[in-house]
Amino acid sequence: MPQIDRLSSLVSHFEIHTTVIEDDTPANLSIFGNDGVPEWLVLHTNKTKQSPPKNTPIVALNVDFGGQANPVLNALPDAIEIELAHSTELTAIAHLIVSESKPRRCGGQFALDRLCEFLLVNLLRDQIERNSAESGILAGLAHPNLSQPIVAMHDNPGKKWRLDDLVLLSGMSRSQFMHDFQEVVGKSPMAYLKQWRLTLARNALVNGQRVKEIARLYGYGSGDAFTRAFTKAYGFAPTRFIQSDTQPL
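Remember, predicted model here, so these are calculated numbers, not experimental data. (Residues numbered from 1 in each chain as written. Predicted model: local features only at pLDDT ≥ 70, side-chain atom pairs only at ≥ 80, totals over all residues. Heavy atoms only, no water.)

Caption draft 1: Local environment of the packing of aromatic side chains. Applying the stated rule across the entire model yields 7 aromatic pairs. Ring geometry for Phe 230 versus Tyr 234: centroids 4.6 Å apart, planes at 50°, classification tilted. Residue Phe 230 and its partner Tyr 234 are located together in helix α11 (residues 223–234), separated by 4 residues, close to a single helical turn. With a relative accessible area of 0%, Phe 230 lands in the buried category. Residue class for Tyr 234 comes out partly exposed when judged on its relative accessible area of 24%. Among the aromatic side chains, those forming a connected cluster through ring pairs are Tyr 220, Phe 226, Phe 230, Tyr 234 and Phe 236. Just above the ring of Phe 110 sits the side chain of Arg 114; from NZ or CZ to the centre is 4.7 Å. Positioned above the aromatic ring of Trp 161 is the side chain of Lys 159, whose terminal nitrogen or guanidinium carbon lies 4.2 Å from the ring centre. (Phe/Tyr/Trp six-rings, centres within 6.5 Å; stacked < 30°, edge-to-face > 60°. Helix = DSSP H or I, 4+ residues; strand = E, 2+ residues; numbered from the N terminus. Buried < 20%, exposed > 50% of the residue type's maximum accessible area, 1.4 Å probe, protein only. Lys NZ or Arg CZ within 6 Å of the ring centre and 35° of its normal.)

Here you go:
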């Protein structure tokens, strides 16, 4: 049985944008080292808990991970510090980020955004492979029985999922699936599906999609049904979203 891709559908819905910081503006991704050679990096996923760096970084970046609606931000620790000597892949990415940041070259912005996406994927892979998350979506994706139904919901959010469909994918009994999903992910399977659909819908609104089209894509019977669900979840109607939304990370 081929191994399922546990990350592509999760991260592909959220565009990453990167800004090189050249003054005292706070940065959430800093690469440190000696003589311009990257040796370690620090990533802050929670900007309210950032602290000033103890050393001057080779490169400081502000990375917008697609806003606070991106579920991977809540799945990662507030701060991640990595010694690059322990990871060949991250060392290579860090070198490329430094290269594309100083000096800026044609296509540099596009390259930086893609490199930070690659960095995020590697950090998520590491969290899943080490099963370091005690609960939440990464813990669910690391679980041998829960990962397949979670990926299925990520891949097909507009499908009319029944609980029995998800149970079948898990290979567990119904009662065990319900218990383990609640215990590991922190909510019921159908509650997670609802949250995932609304997360994607919120992102689609920011990108200018129409309410009726969003309702069709994400499994709502009508625009009115989607509006009611969205308003209940976020406290305001989709038509007011762009004016009411908070600034992304």
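Caption draft 2: Quick look at the pattern of salt bridges. Considering all chains together, one arrives at 5 salt bridges under this definition. The salt bridge partner of Glu 117 is Arg 114, with a shortest N-O separation of 3.1 Å. Pair noted here: Glu 117 and Arg 114 are both in helix α4 (residues 108–130), with a separation of 3 residues, about one helical turn. The class for Arg 114 is partly exposed, based on a relative accessible area of 31%. (Salt bridge = Lys/Arg side-chain N within 4 Å of Asp/Glu carboxyl O.)

Geometry only, nothing functional implied.
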